[in-house]
There are 2 protein chains.
Amino acid sequence: MSEFEDVVARVRERVDPTPSERAELREAAGRLVARTEDALADLGVEADVMQVGSTARGTWVRGDRDIDVFVRFDPDLSREALEDLGLAVGNQVLPDGHEEYAEHPYVKGTFEGYEVDLVPCYRVGAATEIQSAVDRTPFHNVYLRERLTDALEADVRLLKQFLKGVGAYGSDLRTQGFSGYLTELLVLEYGGFREVLEAARDWQPPVKHDPEAHAAATFDDPLVVIDPTDPERNVAAVVSREQVARLQHYARVFLADPSEAVFFPDSRLALDPGDVESHLARRGTNALAVRFDAPDLVEDQLYPQLRRSRNGLVRGLEHAGFEVLRSAAWADETAVLFVELATATLPAVERHEGPPVHVGEHATGFFEKYENEDVYGPFLDGHRYVVERERDVRTAAGFATERLGEVALGTHVAAVVDAGDYEVLADAEVAALAEEFGCELAAYFDPTP
Amino acid sequence: MSEFEDVVARVRERVDPTPSERAELREAAGRLVARTEDALADLGVEADVMQVGSTARGTWVRGDRDIDVFVRFDPDLSREALEDLGLAVGNQVLPDGHEEYAEHPYVKGTFEGYEVDLVPCYRVGAATEIQSAVDRTPFHNVYLRERLTDALEADVRLLKQFLKGVGAYGSDLRTQGFSGYLTELLVLEYGGFREVLEAARDWQPPVKHDPEAHAAATFDDPLVVIDPTDPERNVAAVVSREQVARLQHYARVFLADPSEAVFFPDSRLALDPGDVESHLARRGTNALAVRFDAPDLVEDQLYPQLRRSRNGLVRGLEHAGFEVLRSAAWADETAVLFVELATATLPAVERHEGPPVHVGEHATGFFEKYENEDVYGPFLDGHRYVVERERDVRTAAGFATERLGEVALGTHVAAVVDAGDYEVLADAEVAALAEEFGCELAAYFDPTP
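Residues numbered from 1 in each chain as written. Chains lettered and ligands numbered in written order. Predicted model: local features only at pLDDT ≥ 70, side-chain atom pairs only at ≥ 80, totals over all residues. Heavy atoms only, no water.

A.B. asks: Got a sec to walk through the overall build of chain A? Specific residues and values, please.
C.D. replies: Along its length, chain A carries 14 helices and 15 strands. Across the 449 residues in chain A, those meeting the buried criterion constitute 53%. Long-range contacts, defined as pairs at least 24 residues apart, comprise 67% of the intrachain contacts of chain A with a sequence gap of at least 6. Computing the positive centroid from 44 side-chain charges and the negative centroid from 85, chain A places the two 5 Å apart. (Helix = DSSP H or I, 4+ residues; strand = E, 2+ residues; numbered from the N terminus. Buried < 20%, exposed > 50% of the residue type's maximum accessible area, 1.4 Å probe, protein only. Contact = heavy atoms within 4.5 Å. Lys, Arg positive; Asp, Glu negative; His and termini not counted. Charge placed at Lys NZ, Arg CZ, Asp CG, Glu CD.)

Here is the structure:
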């Protein structure tokens, strides 16, 4: 057995559900579907019930205990009625559940120890006729069940665990990685786990696949996999180019030197405040953190806002003359925009270039504006007027305190900043972040692909 | 009388030669030409003698005491013979003189208290047939004497003094400004001193003039004045765009608010070391100076080398991650490359971007090179590999000490640097420069157009 096969065999032993796990899940799912059908009958509603998701196929990784049940209503039903009925059924089936909201509301709860999503949708004739994104899911289920053999299902589990191990699994907007459905399509498309890695090793983005050869739109994304059930949709639309690069990188690493650790990396040891100070001292950099209570948002809203805010802060600092070495954004109870700078303090003056002298009134206006001001110059540099004028903010902390409201921020972060409900930490003060973000700081100061 | 005319009248009183100055110069020049003709007769050489330059016309500014005499030999004479005969005549006419070297040797000396250049050249039929740049001068003289009226001569004197006052007079490679001949052509072209200023006020470089409408070449320079005696030559080729902008700026200033001070600015008060320290403290910057014995070169060689060296140092520093606010180069007994920086110390690490992960072997090579090195990373930023590696030099002084030999330097400066014959001054240490360069530092810290 090759080293590759040897490692993969050991991983299979850890990710394949056991026969008893399969049997228990199958039986529980059967009872859940039956109970849902009973509830529909009780309510006198006509709808069919369908188990979907990885546990409806054989593609879940051992230990995942999620059952997804979709209740498919007549497409002529109004949206409002669908939502009401969906919640009524959900609450009856999962009396201890709670309502969540994706594109429309659904009920999330537990059933015999399993996490259950009970989602109402429309029973449309084709995925192209969907009224809501969730209407598509049953079509995915049908498509995959018709094509996935046991061997391919097993390889999907491997690829899922591989992507989890490297941090690229999940189509949420925090991860911007590979969804379960995309993982299944890639294994189908390339023919197996190893084949996916061997292909990814040599990818030249943009990488395009159209399993049903029916694409009816074009996409700019680095990875394009046209949905076999919807010619206008790229299943990989959310995958960032960094996640594409990540899969590619680890595919190469793993094929060259197979190791179980890629699937199951050790978790990082959280840093303590002293570690953070040591790292900053060793790197000779200056740190800045903007910290506030994490806005009460779902992750798919929170992380894009943090990303936007972090980019806004970095661009604002750079525009103000600071050099940023690296940055990050984290959230838990509090949220943090973290920036590491090459510069502690900027000069008291900043260069400000005026127009070329020959640009008539514009040039005269510049000269006259600054002629009697307390600046250095105007003087000439080549054919331009230049002044050196007093700088607004000389420290990054000063910028974060005085000018943060001027940069592009996520909506809820902007509200926090407008209200002044944030704290600015500089240099040694950021060490205090280790209490809440020790693992994030560990990853920051020991970055890997 | 308008304010303009009033100021100009007062300047005329200071720059117009007095009648006695004119008479004395005319008589001395006559005796000098006669003595030169006698010397030629003594040597049995056939050549004619011609007084040229501003004192041969009426365009010299009061107090200038230069007489230029050209001895024109048969163009069939060999270059060697011309040089020998030229020096023989020169040494006989100016027994206390010394030899200088432009495109070929000539004798410089004094005669009755006047500075005299006695220059051999060829008596060619037209300026286009010249064998050496100096052969052109007699043609300039003829051209201008035929066209300059007394009034225009007086306006040439005004414009010369104006350009001297603002620091734009002189076609040497230190100044890169307006030559006497160019000044005369501009006054001829526009019709007077005021007309030159009014035109310059609205210049849109490139500004092109071709008085004889015979241009036989094109030029990229910001100011182009085709030589009336040579269709292939731009008389203003040496004028930098900064000097064009300078004339334009002061033309505007003077026309808007005429003042004698533009012609005769007060000289600056030299700074002392304490002043330099105060300025740096007020500006919150970091200074660096590289100082060495000034190479023994004529100014036309020295200043281009210093300019090149200063640019090389600045680019080298910027490439190494430092932000340069401003720089200068000065020479007297020693020469100095002076740089003012926004950054004192850079981080211990620097960001180093690798290739995109998909670029096959190049990407793999980058990853493998750094994988086991003592760097932060490799990690991913978007689709690229990045590492943060140890920085070579963290201070500007360190750069000047260790890496100066790697940047583009003037030839003689490179030799100085290779030999290690230079001194690096940082921050407060640069205050010591005030002893030799107090005026230059005064101009640096109070820059004007």
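A.B. asks: An account of the interface of chain A and chain B is needed here, citing residue identities and associated values.
C.D. replies: Contact residues are listed per partner, giving 48 residues for chain A and 48 residues for chain B. Contact between chain A and chain B buries roughly 4100 Å² in total, counting both sides, with carbon and sulfur atoms accounting for 54%. Of all residues in chain A, His358(A), Tyr376(A) and Leu380(A) give up the largest surface area on contact with chain B, accounting jointly for 16% of the area buried on that side. Notably, a salt bridge pairs Arg282(B) with Asp374(A), separated by 3.2 Å at the nearest N-O pair. Taken together, chain A and chain B are joined by 18 residue pairs in polar contact (both at pLDDT 80 or more). (Buried area = accessible area lost by both parts, 1.4 Å probe. Salt bridge = Lys/Arg side-chain N within 4 Å of Asp/Glu carboxyl O. Polar contact = N/O pair within 3.5 Å; in protein donor to acceptor, adjacent residues only side chain to side chain.)

A.B. asks: How would you sum up the relation of the copies chain A and chain B? Please name residues and give values.
C.D. replies: Take chain A, turn it by 180 degrees, move it 0.1 Å along the axis, and it overlays chain B with an RMSD of 0.2 Å. The superposition of one copy onto the other is thereby described by a two-fold rotation axis. Among all residues of chain A, the one whose C-alpha sits closest to the rotation axis is Thr343(A), at a distance of 3.5 Å. A share of 100% of interface residues in chain A that are also interface residues in chain B marks the association as one of identical surfaces. (Least-squares fit on C-alpha atoms with pLDDT ≥ 70 in both.)

A.B. asks: Which residues make up a negative patch on the surface, and what values do they have?
C.D. replies: A surface patch of like charges, here negative, comprises Glu3(A), Asp257(A), Glu368(B) and Glu371(B). Assignment of secondary structure puts Glu371(B) in helix H11 (residues 360-371). (Patch = residues over 30% accessible without salt bridge, like charges linked within 9 Å, V, L, I, M, F, W, Y side chains within 5 Å. Areas by Shrake-Rupley, 256 points an atom, 1.4 Å probe, with all protein chains shown as cover.)

A.B. asks: Break down the side chain of Thr285(A) for me, citing the residues and quoting the values.
C.D. replies: For Thr285(A), the location among the structural elements is in the loop between helix H9 (273-283) and strand S9 (286-293). Beyond its immediate sequence surroundings of up to four residues, Thr285(A) is in contact with Leu280(A), Leu325(A), Glu340(A), Leu341(A) and Pro347(B).

A.B. asks: Please give an account of the confidence of the model for chain A that cites residues and values.
C.D. replies: Here chain A averages 95 in pLDDT, while 100% of its residues score no lower than 70. Confidence estimates for the predicted assembly give a pTM of 0.86 and an ipTM of 0.92. (pLDDT = per-residue confidence, 0-100.)

A.B. asks: So what's going on with unusual backbone geometry? Residues and values would help.
C.D. replies: All names here are of chain A. Residue Pro-206 follows Pro-205 across a cis peptide bond; omega there is 0 degrees. Relative to the helices and strands, Pro-206 resides in the loop between helix H7 (193-201) and strand S6 (207-209). The linkage connecting Gly-377 with the following residue, Pro-378, adopts the cis geometry, with an omega of 0 degrees. For Pro-378, the position within the fold is in strand S13 (residues 376-381).

A.B. asks: Describe in detail the sheet that holds strand S6 (residues 207-209) of chain B, supporting the description with residues and values.
C.D. replies: Residue and element names in this part refer to chain B. Taken in spatial order, the 3 strands line up as S6-S7-S8 in an open sheet, and their pairing is mixed. Strand pairing shows two members of the sheet lacking a second neighbour, S6 and strand S8 (230-234), which therefore form its edges. Averaged over all pairs of adjacent strands, the angle between strand axes in this sheet comes to 20 degrees, irrespective of strand direction. Against the sheet, helix H6 (residues 180-190) contacts S6, strand S7 (223-227) and S8, and its axis sits at roughly 90 degrees relative to S7. (Pairing = 2+ DSSP bridges. Axes fitted to C-alpha atoms, helices over the stretch in contact; angles between N-to-C directions.)

A.B. asks: Give a detailed account of the pattern of salt bridges, specifying residues and quantitative values.
C.D. replies: Counted by the stated rule, this structure contains 60 salt bridges over all chains. With a shortest N-O distance of 2.9 Å, Glu260(B) and Arg14(B) are connected by a salt bridge. Placement of the pair is Glu260(B) in the loop between helix H8 (241-256) and helix H9 (273-283) and Arg14(B) in helix H1 (residues 3-15), with a sequence separation of 246 residues. Through salt bridges with shared partners, one network takes in Asp6(A), Arg10(A), Arg14(A) and Glu260(A).

A.B. asks: How would you sum up the packing of helix H2 (residues 19-43) of chain B against helix H3 (residues 79-93) of chain B? Please name residues and give values.
C.D. replies: Residues and elements named next belong to chain B. One can describe the packing of H2 onto H3 by two numbers: an axis separation of 9 Å at closest approach and a directional angle of 125 degrees. The orientation of H2 relative to H3 falls into the category oblique. Of the two possible hands of crossing, H2 and H3 adopt the one that is right-handed. Here Leu-32, Arg-35, Thr-36, Ala-39, Leu-40, Asp-42 and Leu-43 of H2 come into contact with H3, specifically with Ala-88, Val-89, Gln-92 and Val-93. Among the residues making up the contact of H2 with H3, the classes are represented as 7 nonpolar, 2 polar and 2 charged. (Parallel < 35°, antiparallel > 145°, perpendicular 65-115°, else oblique. Left-handed = near helix turned anticlockwise from the far one by under 90°. Nonpolar A, V, L, I, M, F, W, Y, C, P; charged D, E, K, R; others polar.)

A.B. asks: Can you explain H6(B)? Please cite residues and give values.
C.D. replies: Residues and elements named next belong to chain B. Burial analysis of H6 places 8 of its 11 residues in the buried class, the great majority of the element. Listed in full, the buried residues belonging to H6 are Gly-180, Tyr-181, Leu-182, Thr-183, Glu-184, Leu-185, Leu-186 and Val-187. Where H6 is buried, its residues meet helix H4 (137-147), helix H5 (150-166), helix H7 (193-201), S7 and S8. Of the residues one or two after H6, Gly-191 is the one with positive phi, at around 100 degrees.

A.B. asks: Go over the side chain of Thr36(A), please, and point to the residues and values.
C.D. replies: Residues and elements named next belong to chain A. Residue position: Thr-36 is located in helix H2 (residues 19-43). Overall, Thr-36 belongs to the buried group, its relative accessible area being 0%. A distance of 2.7 Å separates a polar side-chain atom of Thr-36 from the backbone oxygen of Leu-32. What Thr-36 contacts, discounting residues up to four positions off in sequence, is Val-49, Val-69, Val-71, Val-89, Val-93 and Leu-118.

A.B. asks: How would you explain the packing of helix H5 (residues 150-166) of chain A against helix H8 (residues 241-256) of chain A if you had to name every residue and give the values?
C.D. replies: Residue and element names in this part refer to chain A. H8 packs onto H5 with a crossing angle of 105 degrees between their chain directions and a minimal axis gap of 10 Å. One element, H5, and the other, H8, form an angle in the roughly perpendicular class. For the pair H5 and H8, contact is made by Phe-162, Leu-163 and Val-166 and by Arg-246, Leu-247, Tyr-250, Ala-251 and Phe-254, respectively. For the contact of H5 with H8, a count of residues per class yields 7 nonpolar, no polar and 1 charged.

A.B. asks: Report on helix H14 (residues 434-445) of chain B, specifying residues and quantitative values.
C.D. replies: Think of an α-helix as 3.6 residues a turn; residues three or four steps apart then line up on the same face. Its 12 residues give H14(B) an end-to-end C-alpha distance of only 12 Å, which falls more than 12% under 16 Å, the value for a rise of 1.5 Å per residue. For H14(B), the set of buried residues is Ala434(B), Glu436(B), Phe437(B), Gly438(B), Leu441(B), Ala442(B), Tyr444(B) and Phe445(B). Buried residues belonging to H14(B) abut S13 of chain A together with H9, strand S9 (286-293), strand S10 (324-331) and strand S11 (334-341) of chain B. (Expected span 1.5 Å × (residues − 1).)

A.B. asks: How would you summarise the packing of aromatic side chains if you had to cite specific residues and measurements?
C.D. replies: Counting across every chain of the model gives 34 aromatic pairs over all chains. Arranged with centres 5.4 Å apart and planes meeting at 75 degrees, the rings of Phe162(A) and Phe263(A) form a pair that is edge-to-face. One end of the pair, Phe162(A), is in helix H5; the other, Phe263(A), is in the loop between H8 and H9, and 101 residues separate them in sequence. The residues Phe162(A) and Phe263(A) share a single accessibility class, namely buried. Relative to Phe254(B), the ring of Phe4(B) has its centre 5.6 Å away and its plane inclined at 65 degrees; by these criteria the two rings are edge-to-face. Taken as a pair, Phe4(B) in helix H1 and Phe254(B) in helix H8 lie far apart in primary sequence, 250 residues in all. Through a chain of ring-to-ring contacts, the aromatic side chains of Phe4(A), Phe162(A), Phe193(A), Phe254(A), Phe263(A) and Phe264(A) assemble into a single cluster. Across from the ring centre of Phe264(B), 3.7 Å away, lies the NZ or CZ of Arg14(B), which sits over that ring. (Phe/Tyr/Trp six-rings, centres within 6.5 Å; stacked < 30°, edge-to-face > 60°. Lys NZ or Arg CZ within 6 Å of the ring centre and 35° of its normal.)

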